[in-house]
Amino acid sequence: MGHDLMGQIFQYIQSYLSSDQTPGAAGNMFWVLIYILAVFVGLSIAVIAMNWLERKILAHMQVRLGPMRVGPHGLLQPIADAIKLLLKEDIIPSEADVAIFWMAPFMVVLAAFTVFIVVPFGPTHAVTDMNIGILFMLGVSSLSVLGIVMAGWASNSHYPLIGALRSSAQMVSYEVAMGLAVVSAIVMTSLNASGTGTLSMIGIVQAQQEQGVWFIFKFFPLGLIAFFIFAVAMVAETNRAPFDLAEAESELTAGFHTEYSGFRWSLFFLAEYSAMIAVSSIAVTLWLGGWLRPFPNLLNGSTWDLIFSLFPGVTFLFLAAMCFFNVVRMPKHPFFRIQTIGLAGFGVVLGLIGLVMLVPAVRIRVQDIFWFSAKVAAFMYLYIWYRGTFPRYRFDQLMQMGWKVLLPMGLGVLILTATWPMRHELWSQVITPPWHVMLRLLRLED
Amino acid sequence: MLSGIMLIGGILVITRKNPVHSALALITVLLAQAAIYLMLYAPFVAGVQIILYAGGIMVLFLFVIMLVNIDRAAKERTFNSQWLVGIVAATALGGLFIAVYTKGNNIFPEHALSLIENDNTQKVATMLYGQYMFAFEIASLLLLVAIIGAVVMAKKRI
């Protein structure tokens, strides 16, 4: 009896492994939970890595070294930051509205994490595939605006209030431009055989696969302009430089999260980086071909497939080689012994992961996830690069750019994208007949 | 359960003294409404409800509540002074609802729910741009009038 139950459980778990749907579509609760756990853990590791990478990359851009003390080359700095934030005193302002104060970071984190249900890491590697996937992502990320407004209000202090109102006004206005850019990409998905597009994230990447071109290069330069509008709007949406007036230290003493301390502040921080990763995944899915490897049609064939599938393992082996290179360059002082050993151990772990990824059975499964993560990582690097390069926009310049520059550009790109496939018919049947009628009326031709 | 959430949220909207709390209760009502749309196999309408209502209109509500500073006296004044008229109006409305529910079976035609939810977006688009195109254009004209009115009212007097 017990043996039969175990057999049934195994059967349930294994019945998913041979299907070609996401676990949500297949209805397999066990694998749904596994995927949710994997996404959650992966996201947390990504946020921790982003913290370290941001400080190191900004430092190297500013010709300094960044954190070097805490672990080898500062690798344990994020963990030290996390421990510090957890141990800090939790201060609530005296006149603050406690219920809303408590609920605001919760709302922002909820919105930032729920979005990852539909993010497609591969053709079956999403938690579920809603057929309104992109609409769901845009909608849930607009709920984080509410959390920010609540945070500013509940702090009962003027810097957070102004910061929150500015921040939410900025987010709402750039959501419009984002939406237009997204719609022009969705229009491109409908250029397939059956004439209907799709809003599902996996469907959008599959449309790019069928049409043989990443949407950023489609109808050149329309795809590029739409991608550019989205890339600017997504930086403004997540309140990052150069649009971070609402949380800049010199302007508003950290804006809407001024009065939050310790763990609550770290929730805002977590939500901000998760939102960055979420909108980057939207951009990757819509314009950069999701999980598709570079040049899927130009360089096809089994040898190119083999070469591109070696990329994950080779990347990790390269990172391991960099670790060992830095081990050799460590100062030969007894105080640095622990750091040297730590770095060498980290290098060994990375090397082992790289070797595991060279095994063919793992290679096939991992490469979709790898290409998607690599593209999102490129976007993260761009975010940090923007922060180190661009000066901040003043708030009225920011709003002006959102409404007066990006919105008309978005509308123009949308109209052109929608009418581009039939431009010849439009020209010959809609534009030229009235032109000839007018010329005839003015007796300029017969 | 969802309609229970909506009812409780609705009652909280009208009974809280703090207007920000009322706005948050209204947000829960709208989110529960979106979930009900999902249960009626209309995912597109649910998604649009979250984007527009909960993410757009409620943010504007909260802006206005936070920027227009209601002084404490107005906040603490109770609204129980019109209880007789309130009871009469509520009884009339309740009677109307009961009459429609029991006797008016022909007012709302019962379509079979289209259980294949994959084409909700396509169906909404086909109806909106096909059959109800005129109403769509009139609604967009209405929004244009509202925007122009807002710009005119907020302009500086020269």
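Source: prediction; values computed, not measured.

Asker: Sorry if this is basic, but what is going on with the overall build of chain B here?
Answerer: The secondary structure content of chain B amounts to 7 helices and 0 strands. Listed by position from the N terminus, the elements making up chain B come as α-α-α-α-α-α-α. Expressed as a percentage of the 158 residues in chain B, the buried residues total 16%.

Asker: I keep staring at the overall build of chain A and nothing clicks. Help me out?
Answerer: When helices and strands are tallied, chain A shows 18 helices and 0 strands. Classification of the 446 residues of chain A by burial places 39% in the buried group.

Asker: Explain the domain arrangement of chain A here, please?
Answerer: Accessible area lost during the coming together of the parts is what is often quoted as the interface size. All names here are of chain A. Taken as a whole, chain A is organised into domain 1 (1–77) and domain 2 (88–294 + 397–438). Just the C-alpha atoms count here: the centres of domain 1 and domain 2 sit 23 Å apart. In this assembly, 14 residues from domain 1 lie in contact with 10 residues from domain 2. Contributions of two or more residues to the side of domain 1 that touches domain 2 are made by α2 (23–26) and α3 (29–61). A class-by-class count of the residues in the side of domain 1 that touches domain 2 yields 10 nonpolar, 3 polar and 1 charged.

Asker: Whenever I open this one, the interface of chain B and chain A confuses me. Can you help?
Answerer: Taken residue by residue, the interface counts 18 residues in chain B and 21 residues in chain A. Elements with a contribution of two residues or more to the side of chain B that touches chain A: α2 (19–39), α3 (43–67) and α6 (120–131) of chain B. Sorting elements by how many residues they give to the side of chain B that touches chain A places α3(B) first, with 13 residues. Tallied by class, the residues present in the side of chain B that touches chain A amount to 12 nonpolar, 6 polar and no charged.

Asker: Please explain helix α5 (residues 83–103) of chain B as it appears in this structure.
Answerer: In an α-helix, one full turn covers 3.6 residues, which means residues spaced three or four apart are oriented alike. Look at α5(B): 30 Å from first C-alpha to last across 21 residues, which is about the 30 Å you get at 1.5 Å a residue. Among the 21 residues in α5(B), 0 count as buried, and that is only a small part of the element.

Asker: Even after reading the chapter, I still don't get unusual backbone geometry, so can you show me in this structure?
Answerer: Peptide bonds are trans in most cases, and residues, glycine excluded, mostly fall at negative phi. A positive phi is found at A:N239, a non-glycine position, where the angle reads about 55 degrees. As for its placement among the helices and strands, A:N239 is situated in the loop between α10 (222–237) and α11 (249–252). For B:Y41, which is not glycine, the phi dihedral falls at a positive 60 degrees. Positionally, B:Y41 belongs in the loop between α2 and α3.

Asker: Would you mind going over the confidence of the model for chain B with me for this structure?
Answerer: Parts of the model with low pLDDT should not have their predicted coordinates read in detail. All names here are of chain B. Residue-level pLDDT values for chain B average 82, and 82% of them are 70 or greater. No element of chain B has a lower mean pLDDT than helix α4 (residues 72–76), which averages 54, and none a higher one than helix α7 (residues 133–154), which averages 92. As scored by the predictor, the complex reaches a pTM of 0.87 and an ipTM of 0.80.

Asker: For this particular structure, what's the right way to read the packing of helix α6 (residues 133–141) of chain A against α3(B)?
Answerer: Packed helix pairs are specified by the crossing angle of their axes together with the interaxial distance, meaning the distance between the axes. α3(B) packs onto α6(A) with a crossing angle of 20 degrees between their chain directions and a minimal axis gap of 8 Å. On the basis of their axis angle, the class for α6(A) and α3(B) is roughly parallel. Seen from above, α6(A) lies across α3(B) with left-handed handedness. Residue-level inspection shows A:L135, A:F136, A:L138, A:G139 and A:V140 of α6(A) in contact with α3(B), the latter providing B:F44, B:G47, B:I50, B:I51 and B:G55. Tallied by class, the residues present in the contact of α6(A) with α3(B) amount to 7 nonpolar, 3 polar and no charged.

Asker: Can you walk me through the packing of α2(B) against α3(B) in this structure?
Answerer: All names here are of chain B. Close contact between α2 and α3 brings their axes to 8 Å; oriented N to C, the two are set at 175 degrees. Taken as axis vectors, α2 and α3 run roughly antiparallel relative to one another. Counted together, P19, V20, A23, L26, I27, L30, L31, Q33, A34, Y37 and L38 of α2 and P43, V45, A46, Q49, I50, Y53, A54, M58, F61, L62 and I65 of α3 form the full contact between these two elements. Counted by class, the contact of α2 with α3 contains 20 nonpolar, 2 polar and no charged residues.

Asker: Whenever I open this one, the nonpolar core confuses me. Can you help?
Answerer: Most often, soluble globular proteins have nonpolar side chains that are buried together. All names here are of chain A. Counting 123 residues, the largest nonpolar core has A181, I229, F230 and A233 as the members making the most contacts within it. Two domains each donate at least three residues to this core, and these are domain 1 (1–77) and domain 2 (88–294 + 397–438). Aside from chain neighbours lying at most four places away, what touches I229 is A177, A181, L406, M409, G410 and V413. Judged by nonpolar contacts, the second largest core, of 7 residues, contains F316, C323, L350 and M357.

Asker: Teacher, can you tell me more about helix α9 (residues 201–211) of chain A here?
Answerer: For α9(A), the complete set of buried residues consists of A:M201, A:I202, A:I204, A:V205, A:A207 and A:Q208. After α9(A) finishes, the residue A:G212 shows a positive phi value of roughly 75 degrees.

Asker: Whenever I open this one, the confidence of the model for chain A confuses me. Can you help?
Answerer: On average, residues of chain A score 85 in pLDDT, and 95% of them are at 70 or above. Across chain A, α10(A) holds the top mean pLDDT of 92, while α11(A) sits lowest at 55.

Asker: What is the right way to look at the environment of A:Y12 in this model?
Answerer: Counting through the fold element by element, A:Y12 comes out in helix α1 (residues 2–15). Here the alpha-carbon distance between A:Y12 and A:W31, two residues 19 residues apart in the chain, equals 9.7 Å.

Here is what the cut-offs are and how they apply
- Residues numbered from 1 in each chain as written.
- Chains lettered and ligands numbered in written order.
- Predicted model: local features only at pLDDT ≥ 70, side-chain atom pairs only at ≥ 80, totals over all residues.
- Helix = DSSP H or I, 4+ residues; strand = E, 2+ residues; numbered from the N terminus.
- Buried ≥ 20, exposed ≤ 12 C-beta atoms within 10 Å, placed from the backbone.
- Domains from an automatic or database assignment.
- Contact = placed C-beta atoms within 7 Å.
- Nonpolar A, V, L, I, M, F, W, Y, C, P; charged D, E, K, R; others polar.
- Expected span 1.5 Å × (residues − 1).
- pLDDT = per-residue confidence, 0-100.
- Axes fitted to C-alpha atoms, helices over the stretch in contact; angles between N-to-C directions.
- Parallel < 35°, antiparallel > 145°, perpendicular 65-115°, else oblique.
- Left-handed = near helix turned anticlockwise from the far one by under 90°.
- Core = buried A, V, L, I, M, F, W, Y, C linked by C-beta atoms within 7 Å.

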